[in-house]
Amino acid sequence: MASPDLNLLFALDVLLSEGSVARAASRLRLSPSAMSRTLARLREATGDPLLVRAGRSLVATPRAEELRQQVGRVVQDAEALLRPARLLDLGRLDRIFTLRTNESFVEEFAPRLVARIQADAPGVRLRFAPKSDNVMSLRDAAIDLDIGVAGETGPEVRIQALLRDRFIGAVRMGHPLSEGAVTPERYAAGRHISVSRRGREKGPIDEALNLLGLQRTVVCMVSGFSAALAMARTSDLIASVPERHTEGARAGMHSFPLPVATAGVTISMLWHPRLDADPAQRWLRDCVPEVCAAR
């Protein structure tokens, strides 16, 4: 059996990334007809159409979607093997790293992370993008790290746990719940702030209360924990927030463990495998867990 033409892997990666013969040809500096012949060879090699016509565009077949998750990693590894090793000079490093995370992580950990970065690499800047920015993605390298609770991710995404957090209650000093034991009944009887970027009124806390035959009254909904704490600080409202994410923001408030059992959350950082071999990226990925582990 003849050895396969490994150059086809690079063509396949570009074709699946662009979803267009013309754009793939432009990236590879080939003529459209040459790119079409390459696609024909790929179809023959894989036994699948890979890209099929749908109106005026091409769409990937299921087999192509499976290959997309593998070929990008293979190409990145091959490029890393053929790239000269470079020593990282942090003192001369001049880059902007984009981290997508929520405002609570920024408020609690960003000052220490910036200080840690600046100590080694004064030419590096950090850009913190909000979680609401769904246009930017790991795949197109618009984001270096995505930090938060990891949902469903593609198999090509790398993930590393940073810390475990739990939810607690927070009220102003002098609030009735700042004195005495906080029972499920006392907690449920108060007026609450719900935190949800999607505007949801109910969540895991309500489910835990329901198991006890209790129901809390949610009087307002906000999109971030900082807003919830700001409101609770100057009112009789109760904010339920993650403990480690809001340690600084809760200064001067009374905090207490929730009187119902709720699952903890794991905060992770995610990145695309194409960034695995980059020395500067590896250094950044070492700095973030170091800062999160420090108290």
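Scroll up to find the structure.
Residues numbered from 1 in each chain as written. Predicted model: local features only at pLDDT ≥ 70, side-chain atom pairs only at ≥ 80, totals over all residues. Heavy atoms only, no water.

**Student:** Quick rundown of the packing of helix α1 (residues 7-18) against helix α2 (residues 21-28)? Include the residues and the values.
**Tutor:** As a packed pair, α1 and α2 sit with axes 8 Å apart at the nearest point and diverge in direction by 135°. Classified by the angle their axes make, α1 and α2 are oblique. For the crossing formed where α1 meets α2, the hand is right-handed. Only V21, R23, A24, R27 and L28 of α2 make contact with α1, whose side of the interface consists of A11, V14, L15, S17 and E18. (Axes fitted to C-alpha atoms, helices over the stretch in contact; angles between N-to-C directions. Helix = DSSP H or I, 4+ residues; strand = E, 2+ residues; numbered from the N terminus. Parallel < 35°, antiparallel > 145°, perpendicular 65-115°, else oblique. Left-handed = near helix turned anticlockwise from the far one by under 90°. Contact = heavy atoms within 4.5 Å.)

**Student:** A description of the pattern of salt bridges should follow, citing residues and the corresponding values.
**Tutor:** With the rule as written, the count across this model stands at 17 salt bridges. E18 serves as the salt-bridge partner of R27, at 2.9 Å between the closest nitrogen and oxygen. Among the residues examined, E18 registers a relative accessible area of 22% and is labelled partly exposed. Linking D276 and R158 is a salt bridge whose minimum nitrogen-to-oxygen distance equals 2.8 Å. Of this pair, D276 sits in the loop between β12 (265-271) and α9 (279-293) while R158 sits in strand β6 (residues 158-165), and the two are 118 residues apart along the sequence. The exposure class assigned to R158 is partly exposed, which follows from its relative accessible area of 23%. One salt-bridge network, in which partners are shared between bridges, spans E18, R23 and R27. (Salt bridge = Lys/Arg side-chain N within 4 Å of Asp/Glu carboxyl O. Buried < 20%, exposed > 50% of the residue type's maximum accessible area, 1.4 Å probe, protein only.)

**Student:** Can you lay out the sheet that holds strand β9 (residues 217-222) for me, pointing to particular residues and giving the numbers?
**Tutor:** Reading across from one edge, β9-β8-β10-β7-β11 is the order of the five strands in this open sheet, with mixed pairing throughout. Each edge of the open sheet carries a strand with a single partner, namely β9 and β11 (254-257). For this sheet the average axis-to-axis angle between neighbouring strands, irrespective of direction, equals 35°. In this sheet, β11 lies alongside strand β7 (residues 167-171) in antiparallel orientation, the contact comprising four bridges. (Pairing = 2+ DSSP bridges.)

**Student:** Break down the environment of P242 for me, citing the residues and quoting the values.
**Tutor:** Here P242 shows up in strand β10 (residues 238-242). On the accessibility criterion, P242 (5% relative accessible area) is buried. Residues P242 and L209, spaced 33 residues apart in sequence, show a C-alpha to C-alpha distance of 18 Å. When sequence neighbours within four positions are dropped, the list of residues in contact with P242 reads D165, R166, F167 and F225.

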